[in-house]
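# Examining the three-dimensional arrangement
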Amino acid sequence: MTLPNDLKPSTIAAQAGGAIDLPSGGVVPPLQPSTTFLRDEDYALVNPDNIYLRDNSDIVRIAETVLARLEGAEEALLFPSGMAAIAALFRTLPNGAVILVQSGIYWGTTKWLRDFSARRQIALHEVDAADTGALEQACAEHMPDLVFIETPSNPWLKTVDIAHAATCAHAAGGLLAVDSTAATPILQRPLEHGADIVMHSATKAINGHSDVLAGVLATSAPAAKIWTDIKADRHDAGAVIGPFEAWLLLRGMRTLPLRVERMCRSTQKIAEYLEAHPKVADVYYPGLKSHPGHEIAAKQMQGGFGCLFSFLVKGGGTEALAVVGKLKLFHRATSLGGVESLVEHRHTIEPHTGIPESLIRVSVGIEDAGDLMADLAQALG
């Protein structure tokens, strides 16, 4: 079933992009787990779209189509994890390339890029991309082939002006890729602000149920060389998502707009509550007017500012760990974007990255905001 082109994201998501199961009449898209597909007596494919699972899966294509429509992209590609998507992007670069990467982003990305760049003789430069002047100067100085930013960033919640970053990257002859995981396609569509490629760890809010590992890349220029190289790399290296994971991901996406709306509303209330709390030193959330990147976030994010924020407890590591230990509703676990609220003491996970011992990162789920604030109140004392 083909849906009109002018539908809102909530309709596209709820309708799974118009996918149904025609043979049975089921309103839920089917799951086909086969790894290989038949040819007839004349050795013609029974279904010309399907040869072998590595690159041929109806349910994967359906999920990719929904993601592309939500992102405002021409094409989207699914990967078995967010890092697999990032790796596919950067593996298209030749030895000796130059890349400019935002500092203070998800540590897994930074670590992998540092190791990868060293192996491939790629010149890696890190810059605080939230500083527009610093980003402009770095692009002009290093002339990067690819600029990679993450906005809002994890765990500092820094906001980068995507349109400005795109201008800087393109002026240097390079491309701009944006990790938009914390925003989701519901709140932010980087391609509309000039980005060439957008990336998500779909493990997070896009799936939203903490039970699928997935990543996605999307573009408005599917004919570009970097995109055709990414597609070839995915096929040849086998960095593909399984049909069951794609089916679960699609099911999760059908409620994505509802979940994001609830999460944003609750996170805003909680961030404002903590900002005024006497035992909290600072709150990092772009929805707060006190946040340095609030104006930029308000310009390029619509409908809210996401479910992720960090705050500093007055004192140090002992005080922060005490708060985390007293929480009853927030699960002490890594990740973000799920229906359940999570809390993490980042210094314990990344003591070598300069994360303050007093920093607590929070992912707000879909629970009642009042219940979550009451839990934080008793934990802070």
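These lines cover the structure that appears in this document, whether it is placed above or below. (Residues numbered from 1 in each chain as written. Predicted model: local features only at pLDDT ≥ 70, side-chain atom pairs only at ≥ 80, totals over all residues. Heavy atoms only, no water.)

### Regarding the side chain of Asp21
Assignment of secondary structure puts Asp21 in the loop between helix H1 (9-14) and helix H2 (58-71). Buried and unpaired, Asp21 has no salt bridge, with Arg254 as the nearest side chain of opposite charge at 11 Å. (Helix = DSSP H or I, 4+ residues; strand = E, 2+ residues; numbered from the N terminus. Buried < 20%, exposed > 50% of the residue type's maximum accessible area, 1.4 Å probe, protein only. Lys, Arg positive; Asp, Glu negative; His and termini not counted. Salt bridge = Lys/Arg side-chain N within 4 Å of Asp/Glu carboxyl O.)

### Details of the nonpolar core
If you look at the biggest cluster of nonpolar residues, it comprises 76 residues, and the most contacted ones within it are Leu176 and Phe311. In terms of residue count, H2 provides more of this core than any other element does, seven residues in total. Core analysis: the second largest hydrophobic core is formed by 26 residues, Ala84, Ala85, Ala97 and Ala239 among them. (Core = buried A, V, L, I, M, F, W, Y, C linked by side-chain atoms within 4.5 Å.)

### A few points about the packing of helix H10 (residues 256-275) against helix H14 (residues 369-380)
Packed helices, taken two at a time, are described by the angle their axes make and the gap between the axes. Here H10 crosses H14 at 30°, and the two axes come no closer than 10 Å. In terms of orientation, H10 and H14 fall into the roughly parallel class. In this structure, H10 crosses over H14, and the sense of that crossing is right-handed. The residues of H14 that touch H10, namely those facing Ser266, Lys269, Ile270, Tyr273 and Leu274, are Ala369, Leu372, Met373, Leu376, Ala377 and Leu380. Residues of the contact of H10 with H14, tallied by class, amount to nine nonpolar, one polar and one charged. (Axes fitted to C-alpha atoms, helices over the stretch in contact; angles between N-to-C directions. Parallel < 35°, antiparallel > 145°, perpendicular 65-115°, else oblique. Left-handed = near helix turned anticlockwise from the far one by under 90°. Contact = heavy atoms within 4.5 Å. Nonpolar A, V, L, I, M, F, W, Y, C, P; charged D, E, K, R; others polar.)

### Thoughts on the layout of surface pockets
In this structure, the largest pocket spans a volume of roughly 550 Å³. For the largest pocket, the lining is made up of 26 residues, of which Ile20, Pro30, Asn47, Asp58 and Ile62 are closest to its centre. Across the lining of the largest pocket, the residue classes break down as 14 nonpolar, nine polar and three charged. Considered as a void within the structure, the second largest pocket measures approximately 380 Å³ in volume. For the second largest pocket, the lining is made up of 24 residues, of which Tyr106, Asn154, Ser201, Lys204 and Leu336 are closest to its centre. Of all the elements in the fold, those that place two or more residues in the lining of the second largest pocket are helix H3 (82-90) and helix H13 (346-349). Examining the composition of the lining of the second largest pocket, we find that three residues originate from one element, H3, more than from any other. (1 Å grid on protein atoms, 1.4 Å probe; cavity = no way out; pocket = protein on both sides within 12 Å on 5 of 7 lines; lining within 4 Å. Points joined across faces, edges and corners; volume = space filled by probe spheres on them.)

### What to know about the packing of H2 against helix H9 (residues 243-253)
Relative orientation of the contacting elements H2 and H9 amounts to 35°, with a least axis distance of 8 Å. Pair H2 / H9 crosses with left-handed handedness. Contacts between H2 and H9 involve Ile59, Val60, Ile62, Ala63, Val66, Leu67 and Leu70 from the former and Pro243, Ala246, Trp247, Leu249, Leu250 and Met253 from the latter. Of the residues contributing to the contact of H2 with H9, the split by class is 13 nonpolar, no polar and no charged.

### Details of helix H12 (residues 317-326)
Here H12 has its buried residues at Gly317, Ala320, Val323 and Val324. Along the axis of H12, the buried positions cluster into a sector of 130°, meaning they face one direction only. Buried-residue contacts for H12 involve strand E9 (308-313), strand E10 (331-332), strand E11 (342-345), strand E12 (359-363) and H14. (Arc of directions from axis to C-beta.)

### Here we look at the packing of aromatic side chains
Under the criterion given, the structure shown has six aromatic pairs. Geometrically, the ring pair formed by Tyr285 and Phe305 is edge-to-face, given 6.5 Å between the ring centres and 80° between the ring planes. Taken as a pair, Tyr285 in the loop between strand E8 (280-284) and helix H11 (294-300) and Phe305 in the loop between H11 and E9 lie far apart in primary sequence, 20 residues in all. By relative accessible area, which is 0% here, Tyr285 ends up buried. Clustering of aromatic rings is evident, with ring pairs tying together Tyr285, Phe305, Phe309 and Phe311. (Phe/Tyr/Trp six-rings, centres within 6.5 Å; stacked < 30°, edge-to-face > 60°.)

### Things to note about unusual backbone geometry
A cis amide bond, omega -10°, links Thr151 with the succeeding residue Pro152. Counting through the fold element by element, Pro152 comes out in the loop between strand E4 (146-150) and helix H6 (162-171). In this chain, Asn154 is followed by Pro155 through a cis amide linkage whose omega measures 15°. Here Pro155 is to be found in the loop between E4 and H6. In this structure, Met143 takes a positive phi of about 50° despite not being glycine. If you trace the backbone, Met143 turns up in the loop between helix H5 (132-142) and E4. Positive phi is not limited to glycine here, since Leu157 has a value of about 60°. Position of Leu157 among the secondary structure elements: in the loop between E4 and H6.

### Let's talk about the side chain of His291
Checked against the element boundaries, His291 lands in the loop between E8 and H11. With sequence-adjacent residues up to four places away left out, His291 is seen in contact with Leu157, Lys158, Thr159, Tyr284, Tyr285 and Pro286.

### Topic: the sheet that holds strand E7 (residues 215-219)
Reading across the sheet, the seven strands line up as E1-E7-E6-E5-E4-E2-E3 and stay open at both edges, with mixed pairing between neighbours. Edge positions in the sheet fall to strand E1 (75-79) and strand E3 (123-127), since each has one partner strand and no second. On average, adjacent strands in this sheet sit at an angle of 20° to one another, irrespective of strand direction. Each of strand E2 (98-102), E3 and E4 is contacted by helix H4 (residues 107-119), which is oriented at about 150° to E3, the strand it contacts most. (Pairing = 2+ DSSP bridges.)

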